[in-house]
Amino acid sequence: PDSTIVIWDAHFGPNECRIPLYKLMDDMHFKSLKEFNPKEDFNVLGGYKYSVHVFQKTKQASEYVEIKQIQTSFENPDDPKLAGSGSIEKHLTGSHSSKSDPGREYGYTFELTPTDFPELSLVRKIKIKTSLYAESSIGEAQFVCTVNNQKGETTHWEGSHMSINYTDFYNWVPFNRDFYLSESVMQNCSVLKIYIWNKSKKTYYSDDFELTFYTQK
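Everything numeric in this text was worked out from a predicted model, so none of it was measured. The written sequence of each chain sets the order in which its residues are numbered from 1. Under the rules for a predicted model, residues below a pLDDT of 70 receive no local features and side-chain atom pairs below 80 are neither given nor counted, while totals for whole chains, interfaces and linings still include all residues. Only heavy atoms go into the side-chain values, all of them from the structure, while hydrogens and water stay out.

Caption draft 1: Expanded view of the layout of surface pockets. Here the largest pocket defines a volume of roughly 1300 Å³. In this structure, the largest pocket is lined by 44 residues; those nearest its centre are Lys49, Ser51, His156, Trp157 and Glu158. Counting residues per element, the lining of the largest pocket draws most heavily on strand β10 (residues 154-161), at 8 residues. For the lining of the largest pocket, the residue count by class is 16 nonpolar, 17 polar and 11 charged. Here a cavity means grid points, on a 1 Å grid over the protein atoms only, where a 1.4 Å probe fits yet cannot get out; a pocket means an open set of points with protein on both sides within 12 Å along at least five of seven lines; lining residues are those with an atom within 4 Å of a point. Grid points are joined across faces, edges and corners, and a volume is the space filled by probe spheres set on the points. Numbering of helices and strands starts at the N terminus; helices are DSSP runs of H or I of at least 4 residues and strands are runs of E of at least 2. Under the scheme applied here, ten amino acids are nonpolar (Ala, Val, Leu, Ile, Met, Phe, Trp, Tyr, Cys and Pro), four are charged (Asp, Glu, Lys and Arg), and all others, including Gly, are polar.

This is the structure:
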């Protein structure tokens, strides 16, 4: 029924009920009300980080509306966020890319604050598009989205694994990922970061990075 409160948790939701979180986040008849995370992260069955999300069923379907887009092809070698990772060895477009290697655990980081993005608190969904080039396994590489509050505390951390099939080695492979953020997390957001975590410290390249931010109406 309308106004029903639905509580989803990372253990029972995807395992017992076979409902992954994105199914509720992407359903326009459910509004995300609150997100709860433990003080110390731990994983549950299926490798999910434990969290609890509260939703409300709505009568009228909402929709995601684009409010901002950021693109980079890493063409500016003086960009301080490249921190030496700018490379001319491989590139999809232009003449540069961002290189990850054993000496760089964290890739190019997109960092947004309410000062440079006044609508930041309204963000409910982030779509990531990029292309990766590798000549061998990229290991446990992940897209990561983090949110910190005004106290500097991490109130949201989410990683999404990436992999490249051996048949795609020596080719540019497109990647798309969606991250969903609750109202309770974003209303206290002071810093939002998106980056690639080179967890296994492998060598690969990324190019044509695009972030699209959506609010829910």
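Caption draft 2: Focus on the pattern of salt bridges. Salt bridge, as applied in this entry: a Lys or Arg side-chain nitrogen positioned within 4 Å of an Asp or Glu carboxyl oxygen. Counting across every chain of the model gives 9 salt bridges. Residues Lys125 and Asp26 are paired through a salt bridge, measuring 3.8 Å at the closest nitrogen-oxygen approach. Of the two residues, Lys125 sits in strand β8 (residues 125-133) while Asp26 sits in the loop between α2 (21-25) and β2 (30-36), which places them 99 residues apart along the sequence. Classification of Asp26 as partly exposed rests on a relative accessible area of 36%. One salt-bridge network, in which partners are shared between bridges, spans Asp26, Lys125, Lys127 and Asp178. Remark: exposure states derive from per-residue accessible area (1.4 Å probe, protein chains only) relative to the maximum for the residue type, with buried under 20%, exposed over 50%, and partly exposed in between.

Caption draft 3: Fine view of the sheet that holds strand β3 (residues 52-57). Pairing within the open sheet is antiparallel, and its 3 strands lie in the order β1-β3-β2. Only two strands of the sheet have a single neighbouring strand rather than two, namely β1 (5-9) and β2. Sheet twist, expressed as the average angle between the axes of neighbouring strands with direction ignored, equals 25°. Pairing between strands is defined by DSSP: at least two bridges between the two strands are required. Under this scheme, a helix contributes an axis fitted over its contacting stretch, all axes are lines through C-alpha atoms, and angles between N-to-C directions fall in the 0 to 180 degree range.

Caption draft 4: Structural context of the side chain of Lys125. The buried category is assigned to Lys125, whose relative accessible area is 10%. Only heavy atoms enter the contact rule, under which two residues are in contact if any of them lie within 4.5 Å. Ignoring sequence-local partners within four residues, the contact set of Lys125 consists of Asp26, Tyr64, Asp178, Phe179, Tyr180, Thr212, Phe213 and Tyr214.

Caption draft 5: Geometry of the nonpolar core. Nine residue types can take part in a nonpolar core, namely buried Ala, Val, Leu, Ile, Met, Phe, Trp, Tyr and Cys, and a core is a set of them joined through side-chain atoms within 4.5 Å. Residues Ile126, Met186, Leu192 and Ile194 are the most contacted members of the largest nonpolar core, which totals 33 residues. Elements represented by at least two residues in this core include exactly β7 (110-112), β8, β9 (142-149), β11 (172-180), α3 (183-186), β12 (189-197) and β13 (204-216). The contacts of Leu192, once residues within four sequence positions are left out, are Phe110, Glu111, Leu112, Leu120, Ile126, Thr146, Val147, Leu181, Met186 and Phe213. Core analysis: the next-biggest nonpolar cluster, separate from the first, contains 11 residues, Trp8, Ala10, Leu24 and Phe55 among them.

Interpretation in functional terms is not warranted from these geometric data alone.
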